[in-house]
Every structure is written in C-alpha cells, then in structure tokens.
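Here are the chains, one letter per residue:
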Amino acid sequence: MDGFVKSQIPHDHSLIALFKSSPSFSSLSSSSSSSWTTEEVLHSLSPVQTRSKVWRETEPNNTADLRSEQERYHITENEAIQGVGFINGIVGHSRMEWKDVEKRFNQVARTGSGTEPVVIWSEFGFCIGMQSSPEFANELLSALRGGKDWKSNITKTDLYNLWFHMKDNSFNSRMRIFFDMCNRNKDGRITETDIKQTILLTASTNKLSVTHDEAEDYAALIMESLDKKNKGYIEISQTGSLFKASLSKAHSPMKQASATGSTQNVHNTSGDFCEEQEPMSRTEVLFRTYWRRAWVVLLWLLACLGLFVWKFVQYCHRSGFEVMGYCLPTAKGAAETLKLNMALVLLPVCRNTITWLRKHRPINTVIPFNDNINFHKLIAGGIVVGVILHSGTHLACDFPRISESDRSIFRQTIAAGFGYHRPTYAEILATTEVASGIVMVVLMAVAFSLATKWPRRRSPVLPVSLRRVTGYNTFWYSHHLFVLVYPLLIIHSMFLFLTDKLMEKTTWMYIAFPVLLYAGERIFRVIRSGSYEVDILKASLYPGKVLYLKMQKPEGFKFQSGMYIFLQCPQISPFEWHPFSVTSGPQDDYLSVHIRTLGDWSYQIYDLFQEAVLSRSQGCPKLYIDGPYGSSAQDHVKYDILVLIGLGIGATPFISILKDVVKGVETTQIDHVRFFIVLFI
C-alpha cells in the first residue's frame, strides 16, 4: 500500500482525479447561500477522487514514493465519471436563478457606447455569484466565450446566453466547458502544461496546498493515461471518449438496478447522461435517519411513565396518603423510575457487550449502538429529574407533613411504621434511609456537575479557581463515585418508610443484572489489559502536537477497521484509560494510533515520548492496551458507497478503513465497495 489509496478495480488516470481533495464537497451539502461558490463550480466542472493527497496528510514519510512508477495510484474511468458532477448541470448545485443573475446585473450595469446597459467583463463573477473567486470566474468566462474577445463588455443578452450555456445539462456541453477551461490557448489541444496550470488554479482557488512538483506529477499521470500515442497533447475527442466509455461501464442499467433496486434512466444513444431517482420527502428522510433512536427513546419514556403511574396509583390507596396527600405517590412514582434508570445507565457503558452485540446484523440493524454514550447521557438526565422529584418531594412535602401531622390521624394511619412516635423533621433526616439518600444525592450531584461540558473541557467561561480543579481527569475520577452510590442505594432501599414486605423492596431486582454485568466487564478488562503490555516499535512527532505510535500487535489480538482501543501509561497514572482509534489495518502485523494533545493526559504522554524521541538514549514509556471496542466507523461494511469526512484528528478512524479497503481489494476479499470519497478538512 505504502501510503497510497487504491480502488478495488483497475484504474485509469484522469484530470478529474485531483480536485476532490478540495473542501468543496463539505461545502456543497451545507451551503445555503443563494450565490455560487467556487466549490460548487468545481464540483460541477471537475470534482474528483482523493488519492495520494490523503496519505500525504496521514503518513508524511511516504510522499517521496509518489515518483515511483510501481506505486503510482490509478483512478478508474468508472470513478472518474461518477466524480464528474458537471454532467448533472452546474446550475443544479446553485440556488441562483436567472432573475437573481439579472438583479445582480442591474446593480452594476452602466450605459456603454450604445443604449443597452452593459457590465465590464471583470464583473461576470459578481453577476453569477462567484465574486469571491474572480480568477476562476474569468477562466470560466473565457471558456464560455471560446477565447474570442472574451474581455469585451457583457450585455444583458450576452449574460443571458452565457447563463443558459452554463445551465445546459447535456454531456457534450459540460464536456466542452471542461475542455475549454483546460485549453487556454484555444488551439483545440490540451498539453501537460495546460493541465498543470488548471491544477494549480483550482488548488489556489480552494486554498489547497499543492506544489508545482505535485502538479507536474498529477499532469504527467493524466497525460500518460490519455495520450496513448505520445503526441504531447490530447484532444476533446479523446477526453470525451474516456468519459462516454466510463458511462457505459459505470452506469449499466442492470448493475444499477441490482445495486439500488430503483428504476433509473442511465444513458441514451447520444451519450448524454441522466440518472433519475425519485426524491425522498422530508418525512422519509427524517424517518430513515432517526427511526432507531426514536423507538428506543420512546420505549424508555413509556417504561418510565408506566412505572410512575403504576406506583402513583398504588400509593394513592395507602394509609400514608391521608397524612402526606399526593406528595407520597409522587415521590414513590419518581423512585420507581429511578430504580429503572439506575439499572439502565450502566448498560450503554458495557463496551465489551456492545462490541459483541453489534457484530450481529439483526440486532445492530434495530438498536443504535452508535448512540450508546448519548443514551447514557439521556438516562443520566432522567436520573436527575427523578432525584429532584423524589428527594425534593420528600424533603419539602412528605417529611414536614409527617412531623406536623395531627396526632390522631397519625396514630390511625402510619404510627406503626415509626414505632408509634411522631418524629420531628430532624429525627427523620437522621434515619438510615434519609441519611443514605442525602449522601447519594450529594455524590451524584458532584459526578453529574463535573461531567457537564464546561467543567469536563475546562472551559475559559469558568472562574480560574474552578478551572484548576476541573478537566477530564476530574471528570473521570468523579464518575467512579458510583462505586459508593450503588451500595448506598441498596441500603436506602432496605430501610424504606412504610414498607415492611421484602417483595416490595425491589431495587436489588432492578440493578442486580446490570451491576453484575458491568462488574464482570471491569474485571475482564483488568485481566485482559494486564496481558496486553505492548512494545513501542516507533514513535513520531507530527506538526500540531500529534503523536504517532506504532506498537507491537499482541498475539491473538483481532479487530475490525474503525474500532478503537484504550491506552494506559502507568508512568502517568495506573488508573486512567483513554480511547484512541486504531489507525493500522486489521491485516497489519502492528497496531498504530495517532494522539492529538487536547487534554491533561495527552499532553503528559506527548511530553514523555517527545523526551524519549529527542534523547534517543532512554526507552519509551510503558503502555498497556485494552480492547478492541466497536464504534460507528465499523458500519462502513454495510454500504456500497462510502463518503468519509474527517475533521482534524477525527479523521483517524478512516485511515484503518482505507487500509482495510485497499487490502481487501488486493486480496479480492471486498467486492461491495464500488466508489468512495475521502475528504480531510
């Protein structure tokens, strides 16, 4: 592989293969502007597949291999034509219509030598909404005008014709615009120099880092593909034939029908391309996106509501209702939901169990395991509501009513539960059940507060004094206060007021299985991680304070691309484990991770390895690993088309995925991925 991404089918070089490394794709989906952007035009004229550009960013040591003939990447005709978004029409990606263009024309038009208003040629970009990229707009104007007097003034009629020329969705029209933008001297021939200039213009317009040497390499690859007779130039017939042949191969009706199960008109005899799919309604899009989350959350809400109503109705008919009124059933109903949520909150963080379950396609299809942490947070929010309702009702309503109740009513109803002694408010607070409850509330309040966004990320919004005692480490340690909370919860449930029957003390029934499962997982993790001490094969320091670690792969360690592992460095802390995506491929004989310094622990481990790398005399710090664990990135195997969008260090899971895809291609193990796009932003 050596740092280059390959598709699983034989490839051809194409000019279109360079530009998809631009940020255009990310802007297309989110753009709401009514004007054109350079990215939209690039997507319309020459979007392409990212290849060596991706691996320049992720594995810089491989850049010198670009000139190696044996390792030059290839770009398929099929992929190229799928990347040629201009066939779908330039205007299709812009919200502008002729009336918008006309309005802009009127804003800058002036009366020339004649009576008809005109705009100077340099205002063309403003008129079509490309004012932020005047150089690119000028090249487009030159291509549209065929290079003849293209710098002459533009009348409204001229602009109308140019606009609808751009709006022409036919293959031949799109191909002509594309060719003319490369053919700057308008001699009907594109040379390697023309291609290089177009590459540099596109890169500059999109603020991409492409050197002259890289542009030369790209141009040479393209000429090598198209100039079969070594003429030193290519003509439009050669470029057009390439894409038309790709249309026939990449968009066969039989292939598309079998792959998508939808009716599509693929191409006609003239070579024009048209792919039609019935657009989904907004309702269908929302349903497809959220139906798994929706049914899980709805089931949880119904369970909480059902338990609350059941307990509420039950205590409305108890003797204590005459003393405490609706405060009693409200507190008891909230308590029943707390039992459920204290049990459920542990399940989303049972990582080994989730990793095992997500391997089973029927289960993974209906349960959104990717949202396990979000569900954990949702349940924690439910616990907060339950605690406020339960403890607040007891402290503000139930206990005052008991201590101030009429003695005769007290004796006739709940006196037996208090030893026939009406307690004061202070005496109630001193009981085992109340004291244990108060301690639980304090511990949970601390854990919950330190888990919120600002304290966990040590936000500058917090006072300096608080920032000193907050951060990820504080969050991590405070979260383990649950070790005290669950025993207190059992004690609290065993000494309930007005509940003597053992079968009504059901808290242990709710939490027994989740607690045992979670405890078993933690024990398993301790045992497994103890045997997973790894040797550091290589440590590299990258710009941006990124640490690259290449580690020996433990015997029997198996994982899938997209998974992550936990790292522990005893030299920093024997208790802290931090998750990092595995960036090596499943078939590699080593493990690798990329660590961006973002918090206390990552800064410390970066400093340790920096010292080891620079000194070259001492060994690397000892590391233990735990895992692997599943993540949403594993789901790439479900899809025929992959769009991988990486934001900063968040792109690391895709390195493993791309290596896996390439390895599968080389060994013919993967045949379901036809096309993928990679964007590193």
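Rules of the game
Residues numbered from 1 in each chain as written. Predicted model: local features only at pLDDT ≥ 70, side-chain atom pairs only at ≥ 80, totals over all residues. Heavy atoms only, no water. Pairing = 2+ DSSP bridges. Helix = DSSP H or I, 4+ residues; strand = E, 2+ residues; numbered from the N terminus. Expected span 1.5 Å × (residues − 1). Buried < 20%, exposed > 50% of the residue type's maximum accessible area, 1.4 Å probe, protein only. Phe/Tyr/Trp six-rings, centres within 6.5 Å; stacked < 30°, edge-to-face > 60°. Lys NZ or Arg CZ within 6 Å of the ring centre and 35° of its normal. Contact = heavy atoms within 4.5 Å. Axes fitted to C-alpha atoms, helices over the stretch in contact; angles between N-to-C directions. Salt bridge = Lys/Arg side-chain N within 4 Å of Asp/Glu carboxyl O. Disulfide = S-S within 2.5 Å. Core = buried A, V, L, I, M, F, W, Y, C linked by side-chain atoms within 4.5 Å. Parallel < 35°, antiparallel > 145°, perpendicular 65-115°, else oblique. Patch = residues over 30% accessible without salt bridge, like charges linked within 9 Å, V, L, I, M, F, W, Y side chains within 5 Å. Areas by Shrake-Rupley, 256 points an atom, 1.4 Å probe, with all protein chains shown as cover. pLDDT = per-residue confidence, 0-100.

Student: What is the right way to look at the sheet that holds strand S6 (residues 533-534) in this model?
Tutor: Remark on secondary structure: sheet strands pair via backbone hydrogen bonds, oriented parallel or antiparallel. Across the sheet, which stays open at both edges, the four strands sit in the order S6-S12-S9-S10 with antiparallel pairing between neighbours. Both outer strands of the open sheet, S6 and strand S10 (578-581), are each paired with one neighbouring strand and no more.

Student: In this structure, what is going on with helix H11 (residues 212-226)? I would like to understand it.
Tutor: Owing to its 3.6 residues per turn, the α-helix brings residues three or four apart onto one side. The end-to-end C-alpha separation of H11 is 21 Å, in line with the 21 Å expected for 15 residues at 1.5 Å each. Here H11 has its buried residues at Glu-214, Ala-215, Asp-217, Tyr-218, Ala-219, Leu-221, Ile-222, Met-223, Ser-225 and Leu-226.

Student: When you look at the packing of aromatic side chains in this model, what are you seeing that I'm missing?
Tutor: Between two aromatic rings, the relevant description is the distance of the centres plus the angle of the planes. Per the stated rule, a full pass over the model turns up 16 aromatic pairs. Residues Phe-557 and Phe-559 carry aromatic rings whose centres are separated by 6.1 Å and whose planes lie at 55° to one another, so their mutual orientation is tilted. Taken individually, Phe-557 and Phe-559 each receive the classification buried, so the pair is uniform in this respect. Look at Phe-566 and Tyr-629: their rings are 5.6 Å apart centre to centre, the planes differ by 85°, and that puts the pair in the edge-to-face class. Here Tyr-629 lies in strand S12 (residues 623-629) and Phe-566 lies in strand S9 (residues 564-568), a separation of 63 residues in the sequence. Residue classification places Phe-566 among the buried residues on the basis of a relative accessible area of 4%. Taken together, the aromatic side chains of Phe-308, Phe-312, Phe-321 and Tyr-326 make up a single cluster linked through ring pairs. Stacked on the ring of Phe-126, the Lys or Arg Arg-104 has its end atom at 5.0 Å from the ring centre.

Student: I would appreciate a short explanation of the side chain of Ser-478 in the present structure.
Tutor: Within the secondary structure layout, Ser-478 lies in helix H25 (residues 472-479). Judged by its relative accessible area of 6%, Ser-478 is buried. If we ignore the near neighbours within four places in the chain, the residues touching Ser-478 are Ala-447 and Leu-450.

Student: Help me understand the sheet that holds strand S11 (residues 590-596), please; the structure alone is not making it clear to me.
Tutor: If you trace the three strands from one edge of the open sheet to the other, you get S7-S8-S11, paired in antiparallel fashion. The open sheet is flanked by strand S7 (536-542) and S11, the only strands paired with a single partner. Taken pair by pair, the neighbouring strands of this sheet meet at an average axis angle of 15°, ignoring direction. For strand S8 (residues 546-552) and S11, the ladder comprises seven bridges, and the chain directions are antiparallel. Bridge pairing in S11 links Tyr-548 to His-594. In the packing of helix H28 (residues 600-615) onto the sheet, contacts are made with S7, S8 and S11, and the angle to S7 comes to roughly 105°.

Student: I tried to follow the pattern of salt bridges on my own but got confused; where do I start?
Tutor: Pairs can form between side chains of opposite charge whenever their charged atoms are close. Scanning the model with the defined rule gives eight salt bridges in all. With a shortest N-O distance of 3.2 Å, Glu-284 and Arg-288 are connected by a salt bridge. A residue pair is termed a helical-turn pair when its members lie 3 or 4 positions apart in one helix, as Glu-284 and Arg-288 do in helix H14 (residues 282-315) at four residues. One salt bridge in this structure joins Glu-336 and Lys-339, with 3.1 Å as the shortest N-O distance. Of the two residues, Glu-336 and Lys-339 both sit in helix H16 (residues 327-344), three residues apart, roughly one turn of that helix. Neither Glu-336 nor Lys-339 differs from the other in exposure class; each is buried. A network of salt bridges, in which partner residues are shared, links Lys-311, Glu-336 and Lys-339.

Student: Would you take a moment to explain the state of the cysteines for this structure?
Tutor: In protein structure, a disulfide is the covalent linkage between the sulfur atoms of two cysteines. Within the structure shown, the criterion is met by one disulfide. The residue that forms a disulfide with Cys-327 is Cys-397, at a sulfur-sulfur distance of 1.6 Å. Between Cys-327 and Cys-397 the sulfur-sulfur dihedral comes to about 70°; the bridge is accordingly right-handed. Remark: Cys-397 occurs in helix H19 (residues 372-403) and Cys-327 occurs in helix H16; sequence separation between them is 70 residues. Among the residues examined, Cys-397 registers a relative accessible area of 13% and is labelled buried.

Student: In this structure, what is going on with the nonpolar core? I would like to understand it.
Tutor: The tendency in soluble globular proteins is for nonpolar side chains to be buried side by side. Leu-549, Met-551, Leu-567, Leu-623 and Ile-625 are the most contacted members of the largest nonpolar core, which has 26 residues in total. Sort the elements by how many residues they give to this core and H28 lands first, with five residues. Filtering out sequence-adjacent residues up to four positions away, Leu-623 remains in contact with Tyr-532, Glu-533, Val-534, Ile-536, Leu-549, Met-551, Gln-568, Cys-569, Ile-605 and Phe-609. Val-101, Cys-127, Trp-150 and Met-166 belong to the second-largest nonpolar core, a separate cluster that totals 24 residues.

Student: What's the story with the pairing of S7 in this structure? I'm lost.
Tutor: Remark: a regular strand shows side chains that alternate across the two faces of the sheet. Bridge analysis of S7 against S8 gives six bridges, and the strand direction is antiparallel. Note on S8: the bridge partner recorded for Tyr-542 is Val-546. The turn linking S7 back onto S8 is made up of three residues, and Gly-544 within it adopts a positive phi angle of 85°.

Student: Sorry if this is basic, but what is going on with the packing of helix H7 (residues 134-144) against helix H8 (residues 156-167) here?
Tutor: Packed helix pairs are characterised by how far apart their axes lie and by the angle those axes make with each other. At a minimum axis distance of 11 Å, the contact between H7 and H8 shows a crossing angle of 95°. Between H7 and H8, the angle is such that the two are roughly perpendicular. Where H7 abuts H8, its residues Leu-140, Leu-141 and Leu-144 lie against Leu-162, His-165 and Met-166.

Student: Could you clarify how one ought to interpret a nonpolar patch on the surface in this entry?
Tutor: A cluster of nonpolar side chains, Phe-287, Trp-291, Trp-295, Leu-299 and Val-366, forms an exposed patch at the surface whose accessible area comes to about 480 Å². Looking at the nonpolar patch element by element, the count peaks at four residues for H14. Positionally, Trp-295 belongs in helix H14.

Student: Would you mind showing me how to read the confidence of the model for the chain here?
Tutor: For residues with low pLDDT, the predicted coordinates do not support detailed interpretation. On average, residues of the chain carry a pLDDT of 74, and 73% of them reach 70 or more. Between the elements of the chain, mean pLDDT differs from a low of 34, seen in helix H1 (residues 24-30), to a high of 95, seen in H16. With pLDDT under 50 throughout, residues 1-93 is counted as low confidence; its partners more than four residues away or in other chains account for 263 contacts. Low pLDDT (under 50) marks residues 245-276, which in the prediction has 54 contacts with non-local residues, meaning those over four places away or in another chain.

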